[in-house]
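Now for the letters of each chain:
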Amino acid sequence: PLLKPMKKSLSSISWGSLSASGTSLGMKTIGFYGSVVLTVNNITGAGMLTLPQIFQDSGWVAPSLLFMVICITSTLTATFFTDAMARIRGN
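On a predicted model such as this, the values are computed, not experimentally measured, just so you know.

Caption draft 1: Layout of the overall build of the chain. Of regular secondary structure, the chain possesses 3 helices and 0 strands. Listing each helix as α and each strand as β along the chain from the N terminus yields α-α-α. A total of 91 residues make up the chain; the buried ones form 2% of that total. For the chain, the accessible surface area stands at approximately 8500 Å², while carbon and sulfur atoms represent 70% of it.

Next up, the structure:
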């Protein structure tokens, strides 16, 4: 038949460098700069493509101020969220 059932369970699959006993799982691989770049990328997302048009239409003051407000709000939200997670037993 075209579709054969899987005979291997997930626990028997060799995950190579991602094994729990390996050195790469759970190890820090990016630094502070990389984490900031990834955070900015996740916050702006696909809207990054429209930023030049926003600045062209609105000037540089209003979008810059709005981005600062959004950044501060996002930082406070992340801080409150991590504080709430830290207060839960077992975390």
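This is not the end of the story, as more comes after the structure.
Caption draft 2: How the structure looks around the pattern of salt bridges. Summed over the entire model, instances satisfying the criterion amount to 1 salt bridge. We note a salt bridge from R87 to D83, for which the minimum N-O separation is 3.1 Å. Highlighted residues: R87 and D83, both in helix 3 (residues 61-87), separated by 4 residues, approximately one helical turn. For R87, a relative accessible area of 66% translates into the label exposed.

Caption draft 3: View of a nonpolar patch on the surface. A contiguous nonpolar surface patch, about 380 Å² in accessible area, is contributed by F32, V36, V40 and M48. As for its placement among the helices and strands, F32 is situated in helix 1 (residues 32-44). The class of F32 is exposed, set by a relative accessible area of 70%.

Reading the values: rules and limits
Residues numbered from 1 in each chain as written. Predicted model: local features only at pLDDT ≥ 70, side-chain atom pairs only at ≥ 80, totals over all residues. Heavy atoms only, no water. Helix = DSSP H or I, 4+ residues; strand = E, 2+ residues; numbered from the N terminus. Buried < 20%, exposed > 50% of the residue type's maximum accessible area, 1.4 Å probe, protein only. Areas by Shrake-Rupley, 256 points an atom, 1.4 Å probe, with all protein chains shown as cover. Salt bridge = Lys/Arg side-chain N within 4 Å of Asp/Glu carboxyl O. Patch = residues over 30% accessible without salt bridge, like charges linked within 9 Å, V, L, I, M, F, W, Y side chains within 5 Å.

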